[in-house]
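Chains, contacts and geometry: an overview
So the chains spell out like this:
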Amino acid sequence: MEDGEGGGVVDESLAGADFYAHRRKEEQENERLLMEMLAREEEEQRGSAEGTFTCDGCHINQPLSALFFLEACQHSFCLKCLRKCILEKVEIRTCSKLTCLGCQVPISQTDIRTILNPSELDQYLRVSVEELINTNNTFIRCPNTQCNNVIERAGASSDISDSAGAGNVPLTKEAIEHRNEYRFRCRECSTEFCASCRIVPYHLGKTCLQHEDDKKQKHCRYCAVQLNAKNTAPAIPASANNPALANVCVSAECVERRNTACEKMLPCGHPCGGIRGEIECLPCLLDDCNHDSKQKTMQLGSEYCGICYVESLTDAPCIMLKCGHIFHYHCCRLKISNEWSGSRITFGFMDCALCKKQMAHDSLADVLAKPLMLYNDVKEKSLVRLKLANAENSDVIKDSTNPFYNDPAGYALYRFCFYPCYKCKKPYFGGEKQCEGGGPKEFNAHELVCTGCCDSGLGKSKCDKHGTDYIQYKCRYCCNTAMWFCFGTTHFCEPCHQKAGEIPRLPRHQLPACTCGIPHPPQGDEFALGCAQCRALSEEPTTTAPTTTTATAAATAATEPKKQRGKSKRKEKAENKEKKPKKPPSKKKKDKGEEAKQPKGAAAKGSALKRRRKVSSPKV
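**Description of the overall build of the chain**
For the chain, the count of helices and strands is 17 helices and 18 strands. Buried positions account for 34% of the 620 residues belonging to the chain.

Next up, the structure:
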């Protein structure tokens, strides 16, 4: 016995006994574990010899083919136990907690893909992604059930600039901060929603709690302004107790929309979102309507109108077109009334904004009547042009992969350009679409004049005998005869047409100088040379460009006063009569052989015409 530093007494014999006891206990435990291991190895060896093993999960002897070693921890189990373990986690949607049956090491994705069959693996992956989205604030799923796009949340915007909410009321600082953090718009389907409460569309100007309180109040069904005794529009006398026309503010626009809206209530208890007078009502457009009678539509009521892209479908009375798409009624009428925007007549304004099929609805019959007449007129003239161009059997129409397959009318409307005459308002042919790129970017509607309405100052643009079918024009930029007519306003010769993208942009002083010596407007202006048929019957054949005599006669005929023109014609006829040689006396008797060779009557006239100059109308 010795005194310790702290004044205590240490018994050496007792300390040595405890040490040896602890040492014996450890040896006994190690011996036990060794015996168990040897017994397990012996059992495994016996099972291997027999072709089976005992699974540590279910403790049932299994064939060696069912044995599976986990990659992460090297524990082995039968495939049946592992598959059961994974599918249990999938069912309760806790795939993130999937670990080994004997330890807490996670099972690798490689093992999971090997253990599960394709359908089970697909289910596991879907649940895993869903669990990740629900437990991780970094990802958000679009609330649109037809989209389900996953959006990654970025940092909240620091923009606190003022903006307006419902009723153009400025947003509070709290509302701006909430908007910057929780307002999202899906890039796939353009659905705007709140990432916090999942409301569609986003409740601009209010936090989630404010929105819940606000939902309990009455609001204008069109502009969502909160209603009170002062700003509620008076009821229509004939429909004072009709709930379908209630809840509208005093705004002139909202009152006008109410006067157009349907007066019926749907079986779900919501007012119809269609227009007045329809035989069949629209399906309910409210997103939160879960009534059994609600029919599925191609669009949600919270989606923007596909024409205006400013207001949602529930913000104004709507119609469902024959193609099944829904738009604001007033947007459809406005789109048709505005017609085409450029100089060329196009008919895209009559098409559905989403599927490009022609709009059709009973309420649009009056506003579609005039455009449909114009469409049929232009289509008929385009088909005539297609026939003249020998393109009725074009490869474009025969190609099954082409959008104009078996559609000659559609191809003709696409290929040929027609323009509205400023004077007579009728469509006239103005060239092919392939020339459109070289035309002027801006146009003057006053310049779009058909041949029949051209002023006399532009030359002789109408023949008293042949009308306008054979009128020839001088090239607008040189003195050659025009062979092309493009942009609905411009005549080109062949060389100038090849430079149609450049020459119209040149200043007048850089245009080619006059080479024909014919009185005509300056280069850059249109000028008609007169009827080519009449000139062919009264003049000698000429070559390419108009000669001085030919063009002078056409210019003089178009610019002389009527009295002077009559005198000059009579004088010219008298001079020609004096210069004309007298006919020699005809023989009384002719040889029968010679008489048979000489043409008679109409045949003589036809052979004479064949000897004259051939006339070709301008190319297009």
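**Digging into the packing of helix H2 (residues 79–91) against helix H4 (residues 118–135)**
Two elements in contact, H2 and H4, have axes whose closest approach is 10 Å; the angle formed by their N-to-C orientations is 40 degrees. Judged by the angle between their axes, H2 and H4 are oblique. The crossing of H2 and H4 is left-handed. Of H4, the residues touching H2 (which contributes Arg83, Ile86, Leu87 and Val90) are Glu120, Gln123, Tyr124 and Val127.

**Notes on the environment of Cys284**
Within the secondary structure, Cys284 is located in the loop between helix H7 (252–260) and strand S11 (318–320). Given a relative accessible area of 6%, Cys284 falls into the buried group. Counting along the chain gives 18 residues from Cys284 to Leu266, while the straight-line C-alpha distance between them is 7.2 Å. In contact with Cys284, other than residues within four places in its own chain, are Leu266, Cys268, His270, Cys289 and Lys294.

**Some thoughts on the confidence of the model for the chain**
Here the chain shows a mean pLDDT of 77. Residues at 70 or above account for 75%. A low-confidence stretch, residues 540–568 (pLDDT under 50), is modelled with 38 contacts involving residues beyond four sequence positions or located in other chains. Low pLDDT (under 50) marks residues 586–620, which in the prediction has 28 contacts with non-local residues, meaning those over four places away or in another chain.

**So, the pairing of strand S14 (residues 427–432)**
Burial runs high along S14: six of the six residues are buried. Here strand S13 (residues 416–420) pairs with S14 via four bridges, running antiparallel. Bridge pairing links Phe418 to Phe429 in S14. What sits between S13 and S14 in their antiparallel hairpin is a turn of six residues, with Lys425 showing a positive phi close to 65 degrees.

**Focus: the packing of aromatic side chains**
By convention here, two paired aromatic rings are described through the distance between centres and the angle between planes. Throughout the structure, instances matching the rule amount to 10 aromatic pairs. Judged by centre distance (6.3 Å) and plane angle (35 degrees), the rings of Phe347 and Phe349 are tilted. Residue classification places Phe347 among the buried positions, given a relative accessible area of 13%. Since its relative accessible area comes to 6%, Phe349 is described here as buried. Considering the side-chain rings of Phe404 and Tyr414, the 5.3 Å spacing of their centres and the 35 degrees angle between planes classify their relative orientation as tilted. One end of the pair, Phe404, is in the loop between helix H10 (395–398) and helix H11 (408–415); the other, Tyr414, is in helix H11, with 10 residues separating them in the sequence. Through pairs of rings, three or more aromatic residues link up here, namely Trp340, Phe347, Phe349 and Tyr375. In this structure, Arg385 packs its charged tip against the face of Phe429, placed 4.0 Å from the ring centre.

**A closer look at the pairing of strand S18 (residues 527–531)**
Both faces of the sheet carry side chains from a regular strand, because those side chains alternate between them. In terms of residue burial, S18 counts as a mostly covered element, since five of its five residues are buried. Bridging between strand S15 (residues 471–474) and S18 involves four bridges; their strand directions are antiparallel. Of the residues in S18, the one forming a bridge with Ile471 is Cys531.

**Comments concerning the pattern of salt bridges**
Pairing between side chains of opposite charge can happen when the charged atoms of each approach one another. Applying the stated criterion across every chain, the model contains 16 salt bridges. Three or more residues are tied together by salt bridges with common partners; here these are Glu29, Arg32 and Glu36.

**Description of the nonpolar core**
Ranked by internal contacts, the top residues of the largest apolar core, which has 43 residues, are Ile319, Leu321, Ile336, Phe347, Leu364 and Leu386. Counting residues per element, this core draws most heavily on helix H9 (residues 365–388), at six residues. Not counting residues up to four positions away in its chain, the partners in contact with Leu386 are Ala391, Glu392, Ile397, Pro408, Tyr411, Ala412, Arg415 and Phe416. Within the second largest apolar cluster, 24 residues are counted, among which are Cys78, Ile112, Ile115 and Tyr124.

**Remarks on the side chain of Asp111**
Within the element layout of this structure, Asp111 appears in helix H3 (residues 109–115). Although Asp111 lies buried, it forms no salt bridge, and the closest oppositely charged side chain, Arg113, sits 10 Å away as judged by the N-O distance.

**Quick notes on the side chain of Thr490**
Relative to the helices and strands, Thr490 resides in strand S17 (residues 490–492). Judged by relative accessible area, which is 4%, Thr490 ranks as buried. A polar contact is formed between the side chain of Thr490 and the side chain of Arg476, at a distance of 3.4 Å. Discounting chain neighbours no more than four positions away, the residues touching Thr490 are Arg476, Tyr477, Trp484, Phe485 and Glu526.

**Thoughts on unusual backbone geometry**
A cis amide bond links Val200 to the next residue, Pro201, at an omega of -10 degrees. One non-glycine residue, Lys425, adopts positive backbone phi at about 65 degrees. Mapped onto the elements, Lys425 comes out in the loop between S13 and S14. A relative accessible area of 58% means that Lys425 is categorised as exposed.

Rules used in this analysis
Residues numbered from 1 in each chain as written. Predicted model: local features only at pLDDT ≥ 70, side-chain atom pairs only at ≥ 80, totals over all residues. Heavy atoms only, no water. Helix = DSSP H or I, 4+ residues; strand = E, 2+ residues; numbered from the N terminus. Buried < 20%, exposed > 50% of the residue type's maximum accessible area, 1.4 Å probe, protein only. Axes fitted to C-alpha atoms, helices over the stretch in contact; angles between N-to-C directions. Parallel < 35°, antiparallel > 145°, perpendicular 65-115°, else oblique. Left-handed = near helix turned anticlockwise from the far one by under 90°. Contact = heavy atoms within 4.5 Å. pLDDT = per-residue confidence, 0-100. Pairing = 2+ DSSP bridges. Phe/Tyr/Trp six-rings, centres within 6.5 Å; stacked < 30°, edge-to-face > 60°. Lys NZ or Arg CZ within 6 Å of the ring centre and 35° of its normal. Salt bridge = Lys/Arg side-chain N within 4 Å of Asp/Glu carboxyl O. Core = buried A, V, L, I, M, F, W, Y, C linked by side-chain atoms within 4.5 Å. Lys, Arg positive; Asp, Glu negative; His and termini not counted. Polar contact = N/O pair within 3.5 Å; in protein donor to acceptor, adjacent residues only side chain to side chain.

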